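# Summary of structural features
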Amino acid sequence: MDFIPIPPGLQTRFCLIGENILPQIPALLRQTWPQDPLPLRLVADDNTWKAAGEPLQRLLEESGLKVDAPFLFPAEPPFHAEYSLVERLREPLQGHRPVAVGSGTINDLVKRCTFELGMDGYLCCATAPSVDGYTSAGAAITKDGLKQTLPCPAPLVIVADTRVLATAPFPMTAAGYADLAAKVPAGGDWRIAEALGITPLEPVAWGMVQKELPQWLDAPERLPQGDPQALRQLFLGLCQTGFAMQHMRDSRPASGAEHLYSHCWEMRDIRKDGIQPSHGFKVAVGSLITTALMEAVYFQTSTEELATLAAQAPLLTPETRAAQVREFLGGTLFEDSALKVSLEKLPRGEEATARRNALLATHGPLASTLRKQLLPLGELKRRLQTLGCPASLPEIGLPEEDLRFTTYGAGMIRNRYTILDVLTDLGLTDHFCSLATSLLHQA
């Protein structure tokens, strides 16, 4: 049993990972909320109830804590973190101390609902190492047709029993590995933004994620066997990423262009054989595309070649950028917000020229930095495929030609500088999408 050290100043007070540790939860509840008059209410679905909720309910009752009947979502059909479900939880959780028993969806729903009810926190009993959002501030909720991160505090207590994690459907574990592996290209995006003077590295948040990331990712082949130490390392990495987001009050430590691809696909409700791929599986494909784009720009193209290509590409005007937004996102629910974001971050005039000059000046040094940061495309693909993660657009229900379409769209939806903005500022999105497609085929 391990209490994970939590940096000062974060919302989460306790993070406990270990084998057979559900019996520790009653004491943690009493320690966190001494003399709490509120009865407990577990929130689970039919699957997580069987995995951890039912034994936990029994343990809580036997410990003498007041526990009311659980609130259970049906496991079928699969449900997602829709805002209507936050509203549905309000009455059952009013006047109760919530205990979320589940993974990303249930945790986000309880997290946001607890916040809206003005409560001082909740406990999360994790059932799968599937997401980095357990310990993050904010909940990923679809509201008004848009996937948004709605503000709310992280759980005060999080408990992960590796015996429970080992019973999760393995695709959820694979998705968690993919979400953690996404921090590699996300770190590359941050390095690019830092080199251009746009987003400086925040050393504490950077270290929390990147320092141990190679070790957390080094043995994916041990996860299918349910190895307790491998599960612990994976869950620890996901938690530390959430803590970094808490510390920085921003998701920059956890996401870059690969998550922008995923957000676009989520808002388009893409499906493979009628089923929406998990967030982690979409991020897996986004990470491969992002890595391929970085390799195309910084490894496959010399500074001299890049200067020649950029000299032939006209600077992007606001009018042209607006036309691109209409072309790629026109008629969607997020066209207006994408137009606003795209025009806000578009450099103009002398600033646009200076940006191109900076991209050329930093090209060589960034190539060296990114060689140290990134997993080679072929190795990243091998690791993801070892776990059964999708590694191509057709595997998540999209044609290969969608790479260009989504690359344009993904670069329009967030004011965060990534490799997608490098392509836009150089005027070379089409060129590097074509080169990246070739690299993906070769990997």
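Everything here concerns the structure above.
To keep things clear, this report deals only with the structure shown in the data block. Please read these numbers as outputs of a predicted model, since none were measured by experiment.

Thresholds, definitions, all that
Sequence order sets the numbering: in each chain, residues are counted from 1 along the sequence as written. Selection of residues for local features in this predicted model requires a pLDDT of at least 70, selection of side-chain atom pairs for listing and counting requires 80 or more, and totals for whole chains, interfaces and linings are taken over all residues. To obtain the side-chain values, all non-hydrogen atoms of the structure were used and water was disregarded. The helix count covers DSSP runs of H or I at least four residues long, the strand count covers runs of E at least two residues long, and both are numbered beginning at the N terminus. Two things to know: the radius of gyration comes from C-alpha atoms, and the globule rule equals 2.2 Å times the number of residues to the power 0.38. In this scheme, a residue with accessible area under 20% of its type's maximum is buried, one over 50% is exposed, and one in between is partly exposed, where area comes from a 1.4 Å probe on protein chains only. Here, residues are in contact when the closest pair of their heavy atoms is within 4.5 Å. Charge convention: Lys and Arg are scored as positive, Asp and Glu as negative, and His as well as the terminal groups of each chain are ignored. One atom stands in for each charge, and that atom is NZ of Lys, CZ of Arg, CG of Asp or CD of Glu. Of the grid points, spaced at 1 Å and generated over the protein atoms alone, those admitting a 1.4 Å probe that cannot get out make up cavities, while open sets with protein on both sides within 12 Å along at least five of seven lines make up pockets; any residue with an atom within 4 Å of a point is treated as lining. Grid points are joined across faces, edges and corners, and a volume is the space filled by probe spheres set on the points. Put simply, Ala, Val, Leu, Ile, Met, Phe, Trp, Tyr, Cys and Pro go in the nonpolar bin, Asp, Glu, Lys and Arg in the charged bin, and everything else, Gly too, in the polar bin. Note: two strands are recorded as paired if DSSP finds a minimum of 2 bridges between them. Axes here refer to lines fitted to C-alpha atoms; in helices the fit is confined to the stretch in contact. Angles between the N-to-C directions go from 0 to 180 degrees. In the sections that follow, a salt bridge refers to a side-chain nitrogen of Lys or Arg positioned within 4 Å of a carboxyl oxygen of Asp or Glu.

## Some details on the overall build of the protein
Along its length, the protein carries 20 helices and 9 strands. In terms of overall dimensions, the protein is globule-like: its C-alpha atoms have a radius of gyration of 22 Å, near the 22 Å expected for 443 residues. Seen through its principal axes, the protein has C-alpha atoms that stretch 75 × 45 × 40 Å. Out of the 443 residues belonging to the protein, those deemed buried represent 57%. For the protein, long-range pairs separated by at least 24 residues make up 78% of all intrachain contacts whose partners lie at least 6 apart in sequence. Distance from the positive charge centre (40 side chains) to the negative charge centre (50 side chains) of the protein: 3 Å.

## Quick look at empty space enclosed by the protein
In total, this model carries 2 cavities of 30 Å³ or more according to the counting rule given. Counted as a void, the largest cavity has a volume near 70 Å³. Leu315, Leu316, Leu346, Pro347, Ala352, Arg355, Arg356, Thr424 and Asp425 are the residues that line the largest cavity. At the level of elements, helix 16 (350-373) and helix 19 (419-426) are the ones that each hand at least two residues to the lining of the largest cavity. The greatest single-element share of the lining of the largest cavity, amounting to 3 residues, is contributed by helix 16. Residues of the lining of the largest cavity, tallied by class, amount to 5 nonpolar, 1 polar and 3 charged. The wall of the second largest cavity is formed by Arg321, Thr407, Tyr408, Gly411, Leu420, Leu423, Thr424 and Thr429.

## Here we look at the sheet that holds strand 6 (residues 123-126)
The sheet built from 7 strands is open, its strands ordered 1-2-9-6-5-3-4 with mixed pairing. Each edge of the sheet is formed by a strand with only one pairing partner; in this case those strands are strand 1 (2-3) and strand 4 (71-73). Sheet analysis places strand 5 (residues 97-102) next to strand 6, joined by 4 bridges and oriented parallel. Among the inter-strand pairings, Val99 is bridged to a residue of strand 6, identified as Leu123. Each of strand 3 (40-45), strand 4, strand 5 and strand 6 is contacted by helix 4 (residues 104-116), which is oriented at about 165° to strand 5, the strand it contacts most. Across the sheet, helix 10 (residues 228-248) is in contact with strand 1, strand 2 (14-18), strand 6 and strand 9 (157-161); its angle to strand 2 comes to roughly 165°.

## Points about the environment of Gly187
With respect to the element layout, Gly187 can be found in helix 7 (residues 183-195). The exposure class assigned to Gly187 is buried, which follows from its relative accessible area of 2%. Gly187 sits 67 residues away from Ala254 along the chain, and the two C-alpha atoms are 8.0 Å apart. Aside from chain neighbours lying at most four places away, what touches Gly187 is Trp206, Gln210 and Gln373.

## Brief notes about the environment of Ala284
Checked against the element boundaries, Ala284 lands in helix 12 (residues 279-299). On the basis of relative accessible area, Ala284 is assigned to the buried category, the value being 1%. In this structure, the C-alpha to C-alpha distance between Ala284 and Pro34, residues 250 residues apart in sequence, is 42 Å. Discounting chain neighbours no more than four positions away, the residues touching Ala284 are Ala178, Leu384, Cys389 and Pro390.

## Describing the pattern of salt bridges
Two side chains carrying opposite charge are able to pair once their charged atoms lie near each other. This structure, assessed with the given rule, holds 20 salt bridges. Residue Asp402 pairs with Arg268 through a salt bridge whose shortest N-O separation is 2.8 Å. Taken as a pair, Asp402 in helix 18 (residues 402-410) and Arg268 in the loop between helix 11 (257-267) and helix 12 lie far apart in primary sequence, 134 residues in all. For Arg268, a relative accessible area of 32% corresponds to the partly exposed category. Note that Arg404 is salt-bridged to Asp430, the shortest N-O span being 2.8 Å. With Arg404 in helix 18 and Asp430 in helix 20 (residues 429-442), this residue pair connects regions lying 26 residues apart in the sequence.

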